[in-house]
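Given next are the chains, with one letter for each unit.
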Amino acid sequence: MRAVSEQRAFGGVQGVYAHPSDACGCEMTFGLYLPPQARDGKVPLLWFLSGLTCTHENAMVKAGAQAHAAEHGIALVFPDTSPRGAGVPDDPAFDLGQGAGFYVNATQDPWAEHFAMWDYIAEELPALLFHRFPLETELQGITGHSMGGHGALTIAMAFPERFAAVSAFAPIANPVRSAWGQKQLRAYLGPDTARWAPHDATLMMHDTGFPGPVLVDQGGADPYLELLMPEALAAAMAARRQPGAFRIQAGYDHSYFFVASFIADHLAFHAEAMAD
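Residues numbered from 1 in each chain as written. Predicted model: local features only at pLDDT ≥ 70, side-chain atom pairs only at ≥ 80, totals over all residues. Heavy atoms only, no water.

Enquirer: What is the right way to look at helix H9 (residues 256-275) in this model?
Expert: Residue pairs three or four apart in sequence face the same way in an α-helix, which turns once every 3.6 residues. Look at H9: 27 Å from first C-alpha to last across 20 residues, which is about the 28 Å you get at 1.5 Å a residue. The sharpest bend along H9 measures roughly 45 degrees and falls at Phe262. The backbone nitrogen of Phe257 lies 3.2 Å from a side-chain oxygen of the residue at the head of H9, namely Ser255. (Helix = DSSP H or I, 4+ residues; strand = E, 2+ residues; numbered from the N terminus. Expected span 1.5 Å × (residues − 1). Bend = angle between axes of the 7 residues up to and from the residue. Polar contact = N/O pair within 3.5 Å; in protein donor to acceptor, adjacent residues only side chain to side chain.)

Structure (structure tokens):
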């Protein structure tokens, strides 16, 4: 692993690091913010998974999370959203290929060789982080935006023992029924829709739910509401009586202005869950 950059921020260090990935078969890059408390020992870790077209940099620069992370003594990791590079397959569309890994392990050509984002986020990157940095393995939370919200919810429900809490900003909530999901899941996983179900937050909420608290914020003026299908996830949470909250934020859209407006709430939410 090599340090691309390390810069002082709110008493801590915002770093960017690159490493060869066995899961993705290419070099991967991630951002990691260590709060000032990390100088004295291990700190909790909050994952932030980003959305379509994003790299590690979008949330790292635009979400405004570092100041709140420093206040609560929480580290933040900002992974990339897909494998990248000249040898990695891509698609002309913005919502498939590089920048659109969808947090699944692809089984279909030409994607299968590199697009193993589930394994990268769930196994490879955690092993690297906890080996290299002062992070507390028993205190983790996960959040994400849009495609990353989908990833955060599905990964949290697949590994409930790992995360104290999960939150999401405008997640792709029901991808097996949405054009943002059907296209990618068919391309990456093939036509058997039974293979799609473990990557649908609404179906997982119906089937298993999450043992800890869940917080979802959705902009009421989001132009992608028909693609995100928030009502499906809200209904599933209500039917299960899932601990947590699903909030519609009137007038907010899908942008990072929306994320930055409520990131303090999400940091406080995860800090409280990890303190219990």
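Enquirer: Whenever I open this one, the nonpolar core confuses me. Can you help?
Expert: It is characteristic of soluble globular proteins that their nonpolar side chains tend to be buried jointly. In this structure, Phe30, Leu32, Trp47, Leu129, Ile142 and Tyr188 are the most contacted members of the largest nonpolar core, which totals 88 residues. Among the elements that make up this core, the one with the highest residue count is H9 (eight residues). The contacts of Tyr188, once residues within four sequence positions are left out, are Leu96, Gly97, Ala100, Gly101, Phe102, Val104, Ala106, Thr107, Gln108, Trp111 and Phe115. (Core = buried A, V, L, I, M, F, W, Y, C linked by side-chain atoms within 4.5 Å. Buried < 20%, exposed > 50% of the residue type's maximum accessible area, 1.4 Å probe, protein only. Contact = heavy atoms within 4.5 Å.)

Enquirer: Could you clarify how one ought to interpret the pattern of salt bridges in this entry?
Expert: Opposite charge on two side chains permits them to pair, given that their charged atoms come into close proximity. Under the counting rule described, the total for this entry stands at six salt bridges. Among the salt bridges present, the one from Asp80 reaches Arg84, with a minimum N-O distance of 2.7 Å. A relative accessible area of 5% means that Asp80 is categorised as buried. The exposure class of Arg84 is partly exposed, given its relative accessible area of 26%. With a shortest N-O distance of 3.9 Å, Arg162 and Glu123 are connected by a salt bridge. You can see Arg162 sitting in the loop between helix H4 (147-158) and strand S7 (165-169) and its partner Glu123 sitting in helix H3 (residues 117-132), a full 39 residues away along the chain. (Salt bridge = Lys/Arg side-chain N within 4 Å of Asp/Glu carboxyl O.)

Enquirer: Would you mind going over the side chain of His56 with me for this structure?
Expert: Looking at the element boundaries, His56 is found in the loop between strand S4 (43-49) and helix H1 (57-62). For His56, a relative accessible area of 13% translates into the label buried. The contact partners of His56, leaving out residues within four places of it in the chain, are Val16, Thr29, Phe30, Gly31, Phe78, Pro79 and Asp80.

Enquirer: Whenever I open this one, the pairing of strand S8 (residues 214-219) confuses me. Can you help?
Expert: Side chains on a regular strand alternate between the two faces of the sheet. Among the six residues in S8, six count as buried, and that is most of the element. Residues of S8 alternate between two faces, with Val214, Val216 and Gln218 on one and Leu215, Asp217 and Gly219 on the opposite face, all of them buried. In the sheet, S7 pairs with S8 via four bridges, with the strands oriented parallel. In the strand pairing of S8, Val166 is matched with Val214. Here S8 runs beside strand S9 (residues 244-249); their pairing, made up of six bridges, is parallel. The residue bridging Asp217 from the neighbouring strand is Arg247, located in S9. (Pairing = 2+ DSSP bridges.)

Enquirer: What's the story with the side chain of Arg162 in this structure? I'm lost.
Expert: Within the structure, Arg162 has its side chain in polar contact with the backbone oxygen of Ala122 (distance 2.6 Å). For Arg162, the residues in contact, after removing those within four places along its chain, are Ala122, Glu123, Pro126 and Gln140.

Enquirer: How should the pairing of strand S2 (residues 12-21) be read in this particular structure?
Expert: By the criterion of burial, S2 is predominantly enclosed, with eight of the 10 residues buried. Relative to S2, strand S1 (residues 2-9) runs antiparallel, the two sharing seven bridges. Across the sheet, the residue bridging to Arg8 is Val13, located in S2. The turn joining S1 and S2, which pair antiparallel and follow one another in sequence, is formed by two residues; a positive phi near 50 degrees is taken by Phe10.

Enquirer: Help me understand the packing of aromatic side chains in this model?
Expert: For any two aromatic rings, the description comes down to two numbers: the centre-to-centre distance and the angle of the planes. Going through the model one piece at a time under the given rule, you end up with 13 aromatic pairs. Between Trp118 and Phe159, the aromatic rings sit 6.1 Å apart at their centres with planes inclined by 35 degrees, giving tilted as the arrangement. Placement of the pair is Trp118 in helix H3 and Phe159 in the loop between H4 and S7, with a sequence separation of 41 residues. Each member of the pair, Trp118 as well as Phe159, is classed as buried. In textbook terms, an aromatic cluster arises when at least three aromatic residues are bridged by ring pairs, as seen for Phe48, Phe78, Phe169, Tyr252, Phe258 and Phe262. (Phe/Tyr/Trp six-rings, centres within 6.5 Å; stacked < 30°, edge-to-face > 60°.)

Enquirer: I'm lost on the environment of Leu129 in this one. Help?
Expert: As for its position among the elements, Leu129 is in helix H3. If we skip the residues at most four places from it in the chain, Leu129 touches Phe30, Leu32, Leu45, Trp47, Val77 and Leu135.

By themselves, these observations are geometric and do not establish any function.
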